[in-house]
Amino acid sequence: MAGEYGRPAVVLLAEDDPGDQELTRRAMQKNTFGVDLHIVPDGEAAMNYLNRRGQYADPTESPRPDLLLLDLNMPRLDGKQVLQQMQTDQYLRSIPVVVLTTSNHEDDVRKTYDLGCKSYITKPLNAAGFFHCIRELGVYWFGRVTLPSY
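Described below are features of the structure shown in this document. (Residues numbered from 1 in each chain as written. Predicted model: local features only at pLDDT ≥ 70, side-chain atom pairs only at ≥ 80, totals over all residues. Heavy atoms only, no water.)

Comments concerning the nonpolar core
Phase 1: Counting residues in each nonpolar core, the largest one holds 26 residues, and the members touching the most others are Val40, Leu50, Leu68, Leu70 and Met86.
Phase 2: Of all the secondary structure elements, the ones that give two or more residues to this core are strand S1 (9–14), helix H2 (43–50), strand S3 (67–70), helix H3 (79–87) and strand S4 (97–101).
Phase 3: Among residues more than four places away in sequence, those in contact with Met86 are Met47, Leu50, Leu68, Leu92, Arg93, Ile95 and Val97.
Phase 4: In terms of nonpolar packing, the next biggest core, distinct from the first, is built from 20 residues, Leu13, Leu69, Cys133 and Val145 among them. (Core = buried A, V, L, I, M, F, W, Y, C linked by side-chain atoms within 4.5 Å. Buried < 20%, exposed > 50% of the residue type's maximum accessible area, 1.4 Å probe, protein only. Helix = DSSP H or I, 4+ residues; strand = E, 2+ residues; numbered from the N terminus. Contact = heavy atoms within 4.5 Å.)

Okay, structure coming up:
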């Protein structure tokens with residue numbers, strides 16, 4: 001919950017589309033969830049962030065996320081590959097992952113749940129729907145759910 005631990009909740013968004021990055025940033029700023037949003041452009045950068053490698057080595061600049069918003073269709077490593085790698089690491093597999101994607105294919109839904117995602121959300125196609133979706137996501141994850149403190 002945002003603010004529950006004396007700090008804003010840290011959200012890592014792994015999304016390659018700059019428009020979706022900006023919509024997510026604006027939706028989270030518009031709503032007062034107290035979220036510290038970090039954005040990476042692909043799956044490889046997400047794994048570097050999570051493992052604090054390269055430009056993400058400093059934990060004050062790249063804090064452990066309380067929630068990962070993960071797109072499925074990204075370059076370098078796709079979302080399923082990120083989930084696979086997270087499941088092999090005891091430290092990373094405890095991070096809640098919400099898949100936020102345009103795909104509504106049953107195989108994608110099934111595979112990502114098998115790989116440990118906690119929620120699967122198909123992105124609305126218009127900005128108003130996207131803002132509403134992010135608001136609901138924020139209310140649920142930061143207003144209702146108790147997340148572990150690490």
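Looking at H2
Phase 1: For H2, the buried fraction is high: six of the eight residues fall into the buried class.
Phase 2: Taken together, the buried positions of H2 are occupied by Gly43, Ala45, Ala46, Met47, Tyr49 and Leu50.
Phase 3: Tucked into the core, H2 has its buried residues touching S1, strand S2 (35–40), S3 and H3.
Phase 4: Two or three places before Glu44, at the start of H2, stands the capping residue Asp42, its side-chain oxygen 3.0 Å from that residue's backbone nitrogen. (Polar contact = N/O pair within 3.5 Å; in protein donor to acceptor, adjacent residues only side chain to side chain.)

Topic: empty space enclosed by the protein
Phase 1: For the structure on display, the rule yields two cavities of 30 Å³ or more.
Phase 2: Estimates place the volume of the largest cavity at around 50 Å³.
Phase 3: Forming the walls of the largest cavity are Tyr49, Leu50, Arg52, Ser62, Pro63, Arg64, Pro65, Tyr91, Leu92 and Ile95.
Phase 4: Per-class residue counts for the lining of the largest cavity are seven nonpolar, one polar and two charged.
Phase 5: Taken as a whole, the second largest cavity spans an internal volume of roughly 40 Å³.
Phase 6: As for the second largest cavity, its lining consists of Leu83, Met86, Gln87, Leu92, Arg93, Ile95, Val97, Gly116 and Lys118. (1 Å grid on protein atoms, 1.4 Å probe; cavity = no way out; pocket = protein on both sides within 12 Å on 5 of 7 lines; lining within 4 Å. Points joined across faces, edges and corners; volume = space filled by probe spheres on them. Nonpolar A, V, L, I, M, F, W, Y, C, P; charged D, E, K, R; others polar.)

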